[in-house]
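Spelled out from the first residue to the last, the chains are:
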Amino acid sequence: MKKVVGLGACVFDTLIHCDNYPIEDTKQKAQDVFVSGGGPVGNALVVMSKLGVKTQVVGGFADDSAGKYLLNDFEKYGVNVDSVTVLENKSSFTSYILLSDAKATRTCIFDRGTVPDEPNNVNLSAIKDAFLLHLDGNYLESAITAGKFAKENGVKVSLDAGGVYPNIEKLLPLVDVLIPSAEFALKITGKDDIPSAMKVLNEKYHPEVLVVTDGSNGGYYWNGEIAVHYDSVKVNALDTNGAGDTFHGAFIVAYCDGKSVRDCCDFASKVAGYKCTQKGARTYPLSKEIVENL
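Residues numbered from 1 in each chain as written. Predicted model: local features only at pLDDT ≥ 70, side-chain atom pairs only at ≥ 80, totals over all residues. Heavy atoms only, no water.

1. Describing the overall build of the protein
- Across its full length, the protein holds 8 helices and 14 strands.
- Dimensions of the protein, computed from C-alpha atoms along their principal axes, come out at roughly 50 × 45 × 40 Å.
- Looking at the 294 residues of the protein, the share that counts as buried comes to 52%.
- Contacts spanning at least 24 positions in sequence make up 64% of the contacts within the protein whose residues lie at least 6 apart.
- Here the protein displays about 13,300 Å² of accessible surface, and carbon together with sulfur accounts for 49% of that area.
- Taking the 29 positively charged and 37 negatively charged side chains of the protein as two groups, their mean positions are separated by 2 Å. (Helix = DSSP H or I, 4+ residues; strand = E, 2+ residues; numbered from the N terminus. Buried < 20%, exposed > 50% of the residue type's maximum accessible area, 1.4 Å probe, protein only. Contact = heavy atoms within 4.5 Å. Areas by Shrake-Rupley, 256 points an atom, 1.4 Å probe, with all protein chains shown as cover. Lys, Arg positive; Asp, Glu negative; His and termini not counted. Charge placed at Lys NZ, Arg CZ, Asp CG, Glu CD.)

2. Remarks on unusual backbone geometry
- The residue Asp25 is not glycine, and still its phi comes out positive at about 65 degrees.
- Of note in this structure, Asn167 is not a glycine but carries a positive phi near 70 degrees.
- Checked against the element boundaries, Asn167 lands in the loop between β10 (156-161) and β11 (177-180).

3. So, the pairing of strand β7 (residues 94-100)
- Bridge analysis of strand β2 (residues 11-18) against β7 gives 7 bridges, and the strand direction is parallel. Each bridged residue has a counterpart across the sheet, and for Thr14 the counterpart in β7 is Tyr96.
- Pairing of β7 with strand β8 (residues 105-111), which is carried by 7 bridges, proceeds in the antiparallel orientation. Directly across from Leu99, in β8, lies its bridge partner Arg106. (Pairing = 2+ DSSP bridges.)

4. Some points on the packing of helix α6 (residues 243-256) against helix α7 (residues 261-276)
- At a closest axis distance of 8 Å, the pairing of α6 and α7 adopts a crossing angle of 140 degrees. Classed by the angle they form, the pair α6 and α7 counts as oblique. Between α6 and α7 the crossing geometry is right-handed. On α7, the residues that touch Ala243, Thr246, Phe247, Ala250, Phe251, Val253, Ala254 and Tyr255 of α6 are Val261, Cys264, Cys265, Phe267, Ala268, Ser269, Val271, Ala272, Lys275 and Cys276. (Axes fitted to C-alpha atoms, helices over the stretch in contact; angles between N-to-C directions. Parallel < 35°, antiparallel > 145°, perpendicular 65-115°, else oblique. Left-handed = near helix turned anticlockwise from the far one by under 90°.)

5. Points about the pattern of salt bridges
- Taken as a whole and assessed by the stated rule, the structure comprises 10 salt bridges.
- Residue Asp32 is joined to Lys279 by a salt bridge in which the shortest nitrogen-to-oxygen separation is 2.2 Å. With Asp32 in strand β3 (residues 32-38) and Lys279 in the loop between α7 and α8 (288-292), this residue pair connects regions lying 247 residues apart in the sequence.
- The exposure class of Lys279 is partly exposed, given its relative accessible area of 35%.
- The closest approach of N and O atoms between Glu208 and Lys156, which form a salt bridge, is 2.7 Å. Remark: Lys156 occurs in strand β10 and Glu208 occurs in the loop between α5 (194-205) and β12 (209-213); sequence separation between them is 52 residues.
- Overall, the relative accessible area of 26% leaves Lys156 in the partly exposed class.
- Here the salt bridges share partners, and the residues they tie into one network are Asp73, Lys76 and Arg282. (Salt bridge = Lys/Arg side-chain N within 4 Å of Asp/Glu carboxyl O.)

6. Some details on the state of the cysteines
- Counted under the stated rule, the structure contains 0 disulfides.
- The thiol of Cys10 is not disulfide-bonded; the next cysteine sulfur, from Cys108, is found 14 Å away.
- This cysteine, Cys18, is not joined by any disulfide, and Cys108 carries the nearest cysteine sulfur, 14 Å off.
- Relative accessible area serves as the criterion here: at 6%, Cys18 is assigned to the buried category. (Disulfide = S-S within 2.5 Å.)

7. Some remarks on the sheet that holds strand β14 (residues 227-230)
- Reading across the sheet, the 8 strands line up as β4-β1-β9-β10-β11-β12-β13-β14 and stay open at both edges, with mixed pairing between neighbours. The sheet is open, and its two edges are formed by β4 (54-57) and β14, each paired on a single side. Between one strand and the next, the sheet's axes are offset by a mean angle of 20 degrees, whatever the strand orientation.
- Pairing of strand β1 (residues 3-7) with strand β9 (residues 132-135) involves 4 bridges; the strand directions are parallel. Paired with Val4 across the strands is Leu132, a residue of β9.
- Here helix α3 (residues 140-152) sits on the sheet in contact with β1, β9 and β10, set at roughly 165 degrees to β9.

8. Some remarks on the nonpolar core
- Ranked by internal contacts, the top residues of the largest apolar core, which has 47 residues, are Val57, Val211 and Phe251.
- When residues of this core are traced back to their parent elements, those giving at least two are α1 (40-50), α2 (65-76), β11, β12, β14, α6 and α7.
- Looking at which element gives the most residues to this core, the answer is α6, with 8 residues.
- Filtering out sequence-adjacent residues up to four positions away, Val211 remains in contact with Leu178, Ile179, Pro180, Met198, Tyr220, Tyr221, Tyr230, Phe247, Phe251, Val261 and Cys265.
- Counting residues in each nonpolar core, the second largest holds 37 residues, with Val5, Ala130, Phe149 and Val155 among its members. (Core = buried A, V, L, I, M, F, W, Y, C linked by side-chain atoms within 4.5 Å.)

Here it is, written out as structure tokens:
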């Protein structure tokens, strides 16, 4: 069984379910409030684990109650936590997420906490026997160190490029599977359309796989010569929080199975669409059998 190691934002989420977004300086009763593990890499690892891939998380975690919750949550979903570094007197990455029924959208306010970006917190030996290292650009110096180690040891590197962080260009040459958001692709290249941005990214960084996600519009994949559009799966969305993370996790599962880039996009879109019909980014039922029967 192929193994995927993840390093990046693992977040303690407090989700607040509302009929609609509150008006500023007012009070509004929530429909529901619950907590969950979150973050791009964290959610993707859980998706991979549910879909049958061996997964492991590395990096620094705070010793606060949120950090303990996150590690227990990973273990609950079968993500190996044996190689994490637990840091004393630090606070976890946390977020508060408002989920709107009216528009099926989410708004997030976050605090990065005090876990430092120190490469020494990353147990590189855990990466050595992996098929792929999955990153999201958070803890950038640690990600670059881990990416270089992966390349030196024949391990593929994938990147969920959601935001244009300072110095992210240092990480991009190490990436084999590059899946940025449309916002990232346009901003980092200065282009006005996704196909043009993909052409620049391909010529500059030469990733093995290049896909750009564009939410409900689907996205594009690079077929070696041009950008080709793929569709999203249309659903009656209940909760879109974590849909992008789910896409990345499902894409990597299909990639591990040796599927074509187009088939990886279709599979990932199907899983992400299904996730949007479910409440929560992790708690809903998911397996390959469920996906096959959708």
